[in-house]
Amino acid sequence: MPQVLAVGISALLMQVLTLVQQTVIYRVASVYGGETSQLLLGAALRFWNFSFVPLWGISQGFQPAAGTNYGAKDYDRVKKLTGVFITAATVLSLVFYIPVELFPDKILSMFLTTPGITEAGATNFRIMFSTYILQGSFLIAVTLFQSLGKANRATWLVLFRQIILFIPLCVLLPIVGGMGIRGVWLAIALTDAILVIITIAMMLSEFRKMPATSNVNK
């Protein structure tokens, strides 16, 4: 039971702490941009959450594949599967990434009907979504640690993304250089960029600890 709970807690935290994260986002946005910024962020985050669904699905397909091969000590296949799933998740993310970067106002208009409001948030939405293409790598890495039974690492990654790293950036960036509301949008993108670098480093470190060749056929 403790092992089961340990693996599931990081996934639970990702969902629960999203509420905390978005509460902070809307609160800071109301200070620097008022109701208009809250509406724009609300629309952007709805699309963001929707775009996460297929990536989450890929990560759930990756978990049993990685866990089974790790349990069988086929470490080479674990590494290969990780690369394949990261590539697949990155390619899939282009379905959402390209339209947002090219037509941010059109995407926002799917959720907002107030005339002229989408143009005001188009650039900020593009900034926020600029690191979405890295999300597949992050989710697969978190799922990998869950699959290897190292849930504490997955939990810390989630905490860093949702709370430890994001909240200070969200509060401080609007003050830096007088960025104001743009700092809130930038905090989302910068958090993910920093965290992906940390996550990839942790994943490569884990791979180096695995035997160079599979033990299955020995």
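The shown structure was predicted, so the numbers you read here are calculated from the model rather than taken from an experiment. (Residues numbered from 1 in each chain as written. Predicted model: local features only at pLDDT ≥ 70, side-chain atom pairs only at ≥ 80, totals over all residues. Heavy atoms only, no water.)

1. Topic: helix α7 (residues 151-164)
Formally: Think of it in three bands: residues with accessible area under 20% of the maximum for their type are buried, residues over 50% are exposed, and the middle band is partly exposed, with areas taken using a 1.4 Å probe on protein chains only. Think of it this way: any DSSP run of H or I at least four residues long counts as a helix, any run of E at least two long counts as a strand, and we number them from the N terminus. Note that the arc is defined by the directions from the helix axis to the C-beta atoms.
All of the buried residues along α7 are Ala-151, Ala-154, Thr-155, Leu-157, Val-158, Arg-161 and Gln-162. Along the long axis of α7, the arc covered by the buried residues comes to 160°, so they all point the same way. The exposed residues of α7 that point more than 90 degrees off its buried face are Asn-152 and Trp-156.

2. Points about the packing of helix α2 (residues 34-71) against helix α6 (residues 135-147)
As a reminder, the rule being used: To define axes, lines are fitted to C-alpha atoms, for helices over the stretch in contact only, and angles between the resulting N-to-C directions are given on a 0 to 180 degree scale. Should the near helix be turned anticlockwise from the far one by less than a right angle, the crossing is termed left-handed; should it be turned clockwise, right-handed. Contacts are residue-level and defined by heavy atoms, with any inter-residue pair within 4.5 Å sufficient. Each residue receives one of three labels: charged for Asp, Glu, Lys and Arg, nonpolar for Ala, Val, Leu, Ile, Met, Phe, Trp, Tyr, Cys and Pro, and polar for the others, Gly being one of them.
α6 packs onto α2 with a crossing angle of 35° between their chain directions and a minimal axis gap of 9 Å. α2 and α6 meet at a crossing whose hand is right-handed. Along its contact with α2, which presents Trp-48, Phe-52, Leu-55, Trp-56, Ile-58, Ser-59, Phe-62, Gln-63, Ala-66 and Gly-67, the element α6 presents Gln-135, Gly-136, Leu-139, Ile-140, Thr-143, Leu-144, Gln-146 and Ser-147. Residue composition of the contact of α2 with α6, by class: 10 nonpolar, eight polar and no charged.

3. Comments concerning the confidence of the model for the chain
Basically, it comes down to this: The predictor rates its confidence in each residue with pLDDT, a number between 0 and 100.
Mean pLDDT over the chain stands at 87; residues scoring 70 or higher make up 93%. The spread of mean pLDDT over the elements of the chain runs between helix α1 (residues 2-32), the lowest at 78, and helix α3 (residues 75-102), the highest at 94. Here residues 214-218 scores under 50 on pLDDT; set against residues more than four positions off or in separate chains, the count is nine contacts.

4. Some details on the packing of aromatic side chains
The geometry of an aromatic ring pair is captured by two quantities: the separation of the ring centres and the angle between the planes. The line we're drawing: Centre distance within 6.5 Å is the pairing criterion for rings of Phe, Tyr and Trp, where only the six-membered ring of Trp is used; planes under 30 degrees apart are then read as stacked, over 60 as edge-to-face, and the remainder as tilted.
The tally for this structure, following the rule as stated, stands at 15 aromatic pairs. Ring geometry for Tyr-70 against Tyr-75: centres 5.6 Å apart, planes inclined by 65°, an arrangement best described as edge-to-face. By relative accessible area, which is 23% here, Tyr-70 ends up partly exposed. A relative accessible area of 10% places Tyr-75 in the buried class. Aromatic rings pair up to connect Phe-47, Trp-48, Phe-50, Phe-52, Phe-96, Phe-111, Phe-125, Phe-129 and Tyr-132 into one cluster.

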